[in-house]
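A look at the structure
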Amino acid sequence: MRAVSAVETTATTHAWAIHAEGLQVRAGRHLAVNGLDLTLTTGVHGLLGPNGAGKTTLMRALATVLAPAGGRLTLLGHPVDGRADLRPVRRTLGYLPQHFGYYPRFTVREFVGYMAWLKEMPKAGIPAAVQRAVDRVGLAAKADARLKTLSGGMLRRAGIAQAIVNDPRLLLLDEPTVGLDPEQRLDFRELLRDLGTDSCVLVSTHLVEDVAAACTDVVLVDEGRLVWQGSPEVLAAQGDQGHAGDSPAERGYSAILRQHRAEGGR
Amino acid sequence: MTTHPTLAQIGRYATGDPTLDEPSVWTIEVHLEECADCRARLAGSTTADTRTTLDRVAAVLDREIAATPMPAGRSRSWSALGNRWLVGTLLPWLGMTAGVLACAALLGVLWTGLPELVLLIAPLAPLPGVAVAWHRRVDPAWELIAATPAAGLTTLLRRTAAVLAFVIPALALVGAGTGTSLALMLLPCLAFTAATLLLGTLVGVHRAAIGLIAIWTLAVIAPSLATARIPVLLAGESTPTWALVTVLLTAVALLRINAFRRLSQHD
């Protein structure tokens, strides 16, 4: 049981949690996201795309780490451009980067607590929020172990714990299931469904199976643009036996990509 | 506080009397939450059934509490405080700064022909630490931190303050041994810190620090080593100028804080 803050009970005044129009983001000199239009609301959204499609760059831009090079981006009703004050958005943001660095000498509890502190949570609530986040990812038994002693899957879960510690309204997870064993992935899907009931969760992954199982919505990008958006059921219905893949969702994925590339090549 | 329910009402509540309507149950519960006397009366009215249920719940809770690790509570250890203010990545750089200062002091003592080395390098002392404080390749968690509201200026200033809190006593300590004016040691050091932050808004803190170190070394340290004389910049009468420059640079740097909201391309 935790106290519900005034911020959480205020009515939302924005139509979309993520609203991008013609978004352009640079990765180095190259425009990795080039004219992307995207609208997402509450729920679990899976971000799929081949390697180099601009998924990670898009996630970084949504996490306010990279400034957009062009177009418009609005997160939770706040415009996110070069001059805007990003602090209100960042307070309600959870982000797990693809390669997340950490301080090896921190314990899980210290690390998640440090991130909660950086997210400017009220000091009195931090220990309880940390305990809750660590519990939710199933790391309670390892809460006081140093990060350098953890396995890859445990580190990934510690990363998820720091992302959800502030009960974010916008949660961005870049390849969260890397290194998780099959049972942990099932638990993680359960956690995703739970988180998606009242926040906007965007999960970037290359595992089509995770998306089909845990997401309410699928977003497919290629070469920095939105290719397709719809429910996992519709995605599965796109493919037939002639397409590459071991499951209906995978076949649907390759069908849409092939069709998109054929149209682009014309 | 709401009015106390009668003993009869509490008795009906305790036995779960189905004829007690819902609003009355709410009223009693709200009252019970804030009235210890009525809670005691409720305890007296419980049935044997309720008591066995409570015992069972208590036993289960005790077992679960014993099985799960203790929450850390509110204790704040020194290590946590250190972790927050002085991220471990800074420590080697601060160690290096202390080492260089000590070497300079030692050289000054051993080699009397030289101008005072400590005074010459004092302005540069905080710069390696400041440069490291805001550099993505040095901080392993930079991408995590960059997405938090404390990122940017707050973190930069906090870490700069941590560096200064270390460098200033170190300078004072070394300076006390050599007998130079303390103000002449510390003011240039603060001015250079502010200048690094200001230049950092344009080209990145890391480059700004490297640039300033290079300029000072070429323009001041090298000539004064060659001529074996303390430059006019660091003579006693330039203290007010340094004070003015420090204040001005700090003010301008604070005006340009917006540039630190995101990691820029050149960090």
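Note that this is a predicted model, so its numbers are computed, not measured.

Attention now goes to the overall build of chain A. Of the regular secondary structure elements, chain A holds 10 helices and 10 strands. The long-range share in chain A, meaning contacts at least 24 apart out of those at least 6 apart in sequence, stands at 66%. Just so you have it, chain A exposes about 11800 Å², and 51% of that area is on carbon and sulfur atoms.

Residues and elements named next belong to chain A. In this structure the tally under the stated criterion is 13 salt bridges over all chains. Close ionic contact of aspartate 144 with arginine 109 constitutes a salt bridge, the shortest N to O distance being 3.1 Å. Of this pair, aspartate 144 sits in the loop between helix H5 (126-136) and helix H6 (152-164) while arginine 109 sits in helix H4 (residues 108-118), and the two are 35 residues apart along the sequence. Exposure remark for arginine 109: the relative accessible area of 12% places this residue in the buried category. Linked through salt bridges whose partners overlap, the residues forming this network are Arg132, Arg136, Asp167 and Asp194.

Moving on: the packing of helix H2 (residues 22-34) of chain B against helix H3 (residues 36-45) of chain B. Residues and elements named next belong to chain B. Where H2 contacts H3, the two axes come as close as 6 Å, and the packing angle between them is 115°. By the angle class used here, H2 and H3 are roughly perpendicular. In the crossing of H2 with H3, the sense of the turn from one axis to the other is left-handed. Of H3, the residues touching H2 (which contributes His31, Leu32, Glu33 and Glu34) are Ala36, Cys38, Arg39 and Leu42. A breakdown of the residues in the contact of H2 with H3 according to their chemical character gives 4 nonpolar, 1 polar and 3 charged.

Residue and element names in this part refer to chain A. Within the secondary structure, aspartate 210 sits in helix H8 (residues 208-214). The class for aspartate 210 is buried, based on a relative accessible area of 8%. In terms of polar contacts, aspartate 210 uses its side chain to reach the side chain of arginine 185, at 3.4 Å.

Here we come to the sheet that holds strand E7 (residues 170-174) of chain A. Residues and elements named next belong to chain A. Read across the sheet, 6 strands follow the order E6-E7-E8-E3-E9-E10 without closing on themselves; strand pairing throughout is mixed. Since the sheet does not close on itself, it has two edges, and those belong to strand E6 (93-96) and strand E10 (225-230), each with one partner. Direction aside, neighbouring strands of the sheet carry axes that sit 15° apart on average. The strands touched by helix H2 (residues 55-62) are strand E3 (43-48), E6, E7, strand E8 (200-204) and strand E9 (217-222); relative to E7, the strand with the most contacts, the crossing angle is about 150°.

On to unusual backbone geometry, then. All names here are of chain A. Phi is positive for threonine 64, close to 65°, though the residue is something other than glycine. Counting through the fold element by element, threonine 64 comes out in the loop between H2 and strand E4 (70-75). Residue class for threonine 64 comes out buried when judged on its relative accessible area of 0%. Despite not being glycine, glutamate 175 has its phi angle at roughly 50°, a positive value. Of note, glutamate 175 is situated in the loop between E7 and helix H7 (182-195).

This part covers the pairing of E10 of chain A. Residues and elements named next belong to chain A. In this structure, E9 lies alongside E10, joined through 5 bridges in antiparallel fashion. Within E10, the position partnered with leucine 220 by the bridge is tryptophan 228. What sits between the antiparallel neighbours E9 and E10 is a turn of 2 residues, in which glutamate 223 has the positive phi angle 50°.

What counts, and where the lines are drawn
- The residue numbering used here restarts from 1 in each chain and proceeds along that chain's sequence as written.
- The lettering of chains begins at A and the numbering of ligands begins at 1, in the order of writing.
- Given that this is a predicted model, residues contribute local features only at a pLDDT of at least 70 and side-chain atom pairs are listed and counted only at 80 or more, while totals for whole chains, interfaces and linings are drawn from all residues.
- To obtain the side-chain values, all non-hydrogen atoms of the structure were included, while hydrogens and water were left out.
- Numbering goes from the N terminus for both helices and strands, where a helix is a DSSP run of H or I of at least four residues and a strand is a run of E of at least two.
- It only takes one pair of heavy atoms within 4.5 Å for two residues to be counted as in contact.
- Throughout, the Shrake-Rupley method with a 1.4 Å probe supplies accessible areas, and for residues the shown protein chains are the sole cover considered.
- By convention in these notes, a salt bridge is any Lys or Arg side-chain nitrogen within 4 Å of a carboxyl oxygen on Asp or Glu.
- Think of it in three bands: residues with accessible area under 20% of the maximum for their type are buried, residues over 50% are exposed, and the middle band is partly exposed, with areas taken using a 1.4 Å probe on protein chains only.
- Every axis corresponds to a line fitted to the C-alpha atoms, with the helix fit spanning only the stretch in contact, and the corresponding angles, defined between N-to-C directions, vary from 0 to 180 degrees.
- For classification, angles of less than 35 degrees are called roughly parallel, those exceeding 145 degrees roughly antiparallel, those between 65 and 115 degrees roughly perpendicular, and all remaining angles oblique.
- Helix crossings are classified by the rotation of the near helix relative to the far one: an anticlockwise turn of less than a right angle makes the crossing left-handed, while a clockwise turn makes it right-handed.
- Here the nonpolar group is Ala, Val, Leu, Ile, Met, Phe, Trp, Tyr, Cys and Pro; Asp, Glu, Lys and Arg are the charged ones; every other residue, Gly included, is treated as polar.
- The definition of a polar contact used here is a pair of N or O atoms within 3.5 Å, where within protein one atom must be able to donate a hydrogen and the other to accept one, and adjacent residues in sequence count solely through side-chain atom pairs.
- For two strands to be treated as a pair, DSSP must find at least two bridges joining them.

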